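Commentary on secondary and tertiary structure
Here is how the chains run, residue by residue.
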Amino acid sequence: MRKHRILAMALLLPLGLLGAFGCAVGADAAEEAGESSLYVEKVDGLPKDFILGMDASSVIAEEDSGVKYYGFDGRERDVFATLADSGITHIRVRVWNHPYDADGNGYGGGNNDIDKAVQIGRRAAQYGMKLIVDFHYSDFWADPAKQMVPLEWADMDIAEKSEALYAFTRESLEKLNEAGAAVGMVQLGNETTGALCGETDWDNILTLMASGSRAVRETCPEALVAVHFTNPERGGAYADYARRLDEFGLDYDVFATSYYPYWHGTLENLSSVLGQVAGTYGKKVMVMETSYAYTAEDSDFSGNTIGDGGGVVKNYPYTVQGQANEVRDVIDTVARIENGIGVVYWEGTWISVGGSTRAENAALWEEYGSGWASSYAAVYDPDDAGRYYGGCAVDNQAFFDPQGRPLESLRVFGLVRTGNDGPVVPDAAEDVTMTADVSGEIALPETVSAIMTDNSRQEVPVQWELDDALLEQMRTGGAKTYEITGRAGDLTARCFVDMVVSDLLVNGGFEDGDVGWTATDLANADELYVEDKQSDSLTGTKHFHFWSAAANSVEFTLEQTVEGLPAGRYAYSVSIMGGDCGESEIYAYVKLDGETAATAPMTITSYGEWDTASIGDIEAAEGQSLTVGVYVKCAGAGGGAWGKIDDARLDPVA
Ligand code: CA
């Protein structure tokens, strides 16, 4: 780290290599030869029959809404042809029982009933791709948050529901068979993490799954039967599910999981939990859903699941190459697991329906069901879809741009088999986050980490756009976060600076014991000391503790004096909890040169009820000593008064 305003430095990398991939020298020639500029490390030992799937459930609703898909040559083309050419072997499609209201208006999310699946299955088969049928056994979205029973089955007991599920599965698969779809796998529910079809009792869940399984075996004997869960990062969950399935004796072949890398833990953990199921029960395992953003931008006026905000793990940049690397690494991970049979990408064909305003888009979502939910879904799912209905939340994770042109990253599905020597060049700059004190130096880093196309990192010099006006604003604006843009070669860098107002006390949270503090016992209490007990601390593991058995034996001050402060305004706060104090007199105080300048009353009531006193706007002159403290007196009760004091702070006020 060093001070801001880095002078331009000679770039360490040859300028010719700094362009984004695709702009690299020779890209045109490569394109003519049908080659890719994508960097793809070969996945060793990938079985020939490894499933490389694409959930394309929304395609029909998209096309109905006017979306056109193009091939790599720029000409309009059946999207299923482009997927097949790119290495996709299986198309996945969700099936809802009846995603329509009484007037026939679709709930959205593709309005994916069995008729949609028939159309998609037929087209997939036309290009040699098999179908993975994803029965939700619901009229609309089923996931860990909800597994609502189809309306028609709502009043059935478990035996009736089980029979209805069997019949529905059978009839649906027969329709697919008749249409010429090549059903390769059938799921018994979607992300059935502890619920299915309105049932939360495992015996009932497994009874329903068994009915589904029987229908698949009878109708599509060649197809694999899959169960599908999510949240592989939850310790012990998959081992528990697999054990339950085994003890019940469910007839299934594939234990599948969703794996969204920004939520679902590490690839090592994924490998470990799937490997445990494969190794213990001899089941095939796979990733049934994964996806990654190629851009932070939204293209359809409907917010996306992941974007520029925080709160997610971002192991790859949101670039076309980053998206390809994520897919490659998930494939590599599953391929290395014993009995790892495949990876399916979720909804890589779901893009903006193309209107230039939200209203134009919304009209298409409503009419054709091309958004995640329409307003009509309110009759079935009033609390979620009925309130938040809208467009596509994953358009920035698709493999087609908003105009329907395939991204270079789509080729990863074919290229994992051979590898591809795309240039290893900077692809994006890693965001920097740092904190700086309003009263100290604001020193931005002189280099940033460039994420290379092979996902390795390289430090590159950066020049930040930080002028005196912005610096002044940061120093005087109090606690706030600023985003500073920088240039690192051809890359745009970002530094998020959290300006903090520093605590001037020593050991204000008592984590260093009584360092800095003076306790003065005025009535001979039994216990007055810093206690190490996390459950009784407001933050950290320690706090100042008091207790005394006899009545009227608690009276003390706890204080700290700060010397040498510059003239200015200051604010003090401190927190307390406790009980059994009778007629207590408790207050926080501030003294200037030993004279009380301000107090603020505090009360203690019962365990866990912290009371925070704040004294703002203390004016201190140059050279004045400033003392902050707490006075506690408990009188009149029978004895046993106790309490905890924690998190004292003294901050300069801007
Ligand atoms: Ca969107």
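Above this text is the structure in question.
Structure report, in brief. All residue numbers refer to position in the chain's written sequence, counted from 1. For a predicted model such as this one, the threshold for reporting local features is a pLDDT of at least 70, and the threshold for listing and counting side-chain atom pairs is 80 or more; totals across whole chains, interfaces and linings nevertheless cover every residue. To get the side-chain values, all heavy atoms of the structure are used, and hydrogens and water are removed first.

Looking at unusual backbone geometry
The phi angle at tyrosine 137 is positive, at roughly 50°, despite the residue not being glycine. Mapped onto the secondary structure, tyrosine 137 falls in the loop between β4 (130–135) and α5 (158–179). On the basis of relative accessibility, which here comes to 1%, the residue tyrosine 137 falls in the buried class. Despite not being glycine, asparagine 231 has its phi angle at roughly 65°, a positive value. Only DSSP runs of H or I reaching four residues or more are called helices, and only runs of E reaching two or more are called strands; each is numbered from the N terminus. Relative to the assigned elements, asparagine 231 resides in the loop between β6 (224–229) and α7 (237–248). When a residue's accessible area, from a 1.4 Å probe over protein chains only, is under 20% of the maximum for its type it is buried; when over 50% it is exposed; and in between it is partly exposed.

Side note on helix α8 (residues 267–281)
Every α-helix carries 3.6 residues per turn, so stepping three or four residues along brings you back to the same face. What a helix is expected to span follows from its residue count: subtract one and scale by 1.5 Å. For α8, with 15 residues, the first-to-last C-alpha span of 21 Å sits near the 21 Å given by 1.5 Å per residue. Leu267, Leu270, Val273, Leu274, Val277 and Ala278 are the residues of α8 that are buried. One side of α8 holds all its buried residues, which, seen down the axis, span an arc of 140°. Only heavy atoms matter for contacts: two residues are in contact if any of them lie within 4.5 Å across the pair. Buried residues along α8 sit against α7, β7 (254–258), β8 (284–290) and α9 (320–336). In the stretch just after α8, glycine 282 is the one whose phi turns positive, near 70°. Picture the helix axis, draw a direction to every C-beta atom, and the arc is the one those directions span.

Structural notes on the sheet that holds strand β5 (residues 183–188)
With parallel pairing, eight strands are arranged side by side around a closed barrel as β2-β3-β4-β5-β6-β7-β8-β9. The mean angle between the axes of side-by-side strands here comes to 25°, regardless of whether they run parallel or antiparallel. In this structure, β6 lies alongside β7, joined through four bridges in parallel fashion. Residue pairing in the sheet places histidine 228 in a bridge with alanine 256 of β7. With respect to the sheet, α8 is in contact with β7 and β8, its orientation differing from that of β8 by roughly 145°. Sitting on the sheet, α9 touches β2 (51–55), β8 and β9 (340–345), and the angle it makes with β9 is about 160°. At least two DSSP bridges between two strands are required for those strands to pair. Where helices are involved, their axes are fitted lines through C-alpha atoms of the stretch in contact, as for all axes, and angles between N-to-C directions lie from 0 to 180°.

Looking at the layout of surface pockets
Of the pockets and cavities examined, the largest pocket occupies roughly 620 Å³. Lining residues are defined by having an atom within 4 Å of a point belonging to a cavity or pocket. Those points lie on a 1 Å grid over the protein atoms alone, cavities being sets where a 1.4 Å probe fits but cannot get out and pockets being open sets with protein on both sides within 12 Å along at least five of seven lines. Around the largest pocket, the lining comprises 30 residues; the ones closest to its centre are Trp141, Asp143, Glu191, Thr305 and Trp346. Only Asp, Glu, Lys and Arg are considered charged in this grouping, and only Ala, Val, Leu, Ile, Met, Phe, Trp, Tyr, Cys and Pro are considered nonpolar; every other residue, Gly among them, is considered polar. Its residues assigned to classes, the lining of the largest pocket comprises 12 nonpolar, nine polar and nine charged. Grid points are joined across faces, edges and corners, and a volume is the space filled by probe spheres set on the points.

Brief notes about empty space enclosed by the protein
Taken as a whole and judged by the stated rule, the model has two cavities of 30 Å³ or more. There is about 50 Å³ of room inside the largest cavity. Ala550, Ala551, Asn552, Cys634 and Ala641 are, among the 14 residues lining the largest cavity, the residues nearest its centre. Classifying every residue of the lining of the largest cavity gives eight nonpolar, five polar and one charged.

As for the packing of helix α6 (residues 202–219) against α7
Following both chains from N to C, one finds α6 and α7 inclined at 65°, their axes separated by 11 Å at the closest point. By the angle class used here, α6 and α7 are roughly perpendicular. Regarding α6 and α7, the two cross each other, and that crossing is right-handed. The residues of α7 that touch α6, namely those facing Trp202, Asp203, Leu206, Thr207, Met209 and Ala210, are Tyr241, Arg244, Leu245 and Phe248. Among the residues forming the contact of α6 with α7, the class breakdown is seven nonpolar, one polar and two charged. Working rule for angles: under 35 degrees goes down as roughly parallel, over 145 as roughly antiparallel, 65 to 115 as roughly perpendicular, anything else as oblique. Helix crossings fall into two classes, left-handed where the near helix is turned counterclockwise from the far one by less than a right angle and right-handed where it is turned clockwise.

Here's the deal with the pattern of salt bridges
Each reported salt bridge corresponds to a side-chain nitrogen of Lys or Arg within 4 Å of a carboxyl oxygen of Asp or Glu. In this structure the tally under the stated criterion is 34 salt bridges. Residue glutamate 218 is joined to arginine 170 by a salt bridge in which the shortest nitrogen-to-oxygen separation is 2.5 Å. Within this pair, whereas glutamate 218 is found in helix α6, its partner arginine 170 is found in helix α5, the two being separated by 48 residues in sequence. For glutamate 218, a relative accessible area of 40% translates into the label partly exposed. By relative accessible area, which is 27% here, arginine 170 ends up partly exposed. Linking arginine 569 and aspartate 617 is a salt bridge whose minimum nitrogen-to-oxygen distance equals 2.8 Å. Linking arginine 569 in strand β22 (residues 568–579) with aspartate 617 in strand β25 (residues 611–620), this pair joins segments that are 48 residues apart in sequence. On the accessibility criterion, arginine 569 (31% relative accessible area) is partly exposed.

As for the nonpolar core
In this text, buried Ala, Val, Leu, Ile, Met, Phe, Trp, Tyr and Cys residues form a nonpolar core when linked through side-chain atoms within 4.5 Å. Within the largest apolar cluster, 112 residues are counted, with the highest numbers of intra-cluster contacts made by Leu83, Ile91, Leu176, Phe255, Ile331 and Phe413. Discounting residues that sit within four places of it in the chain, isoleucine 91 has contacts with Met54, Ala56, Phe80, Leu83, Ile120, Ala124, Met129, Lys130, Leu131 and Ile132. The next biggest cluster of nonpolar side chains, apart from the first, holds 35 residues, and it includes Phe546, Met602, Leu626 and Val630.

Things to note about the sheet that holds strand β26 (residues 626–635)
Judged by pairing direction, the sheet is antiparallel, and its five strands sit side by side in the order β18-β21-β26-β23-β24 without closing on themselves. Because the sheet does not close on itself, it has two edges, and the strands there are β18 (518–521) and β24 (595–601). Averaged over neighbouring strand pairs, the angle between their axes works out to 20° when direction is ignored. Bridge count between strand β23 (residues 583–592) and β24: six bridges; the pairing is antiparallel. In the strand pairing of β24, tyrosine 589 is matched with threonine 599.

On their own, these measurements won't tell you what the molecule is for.
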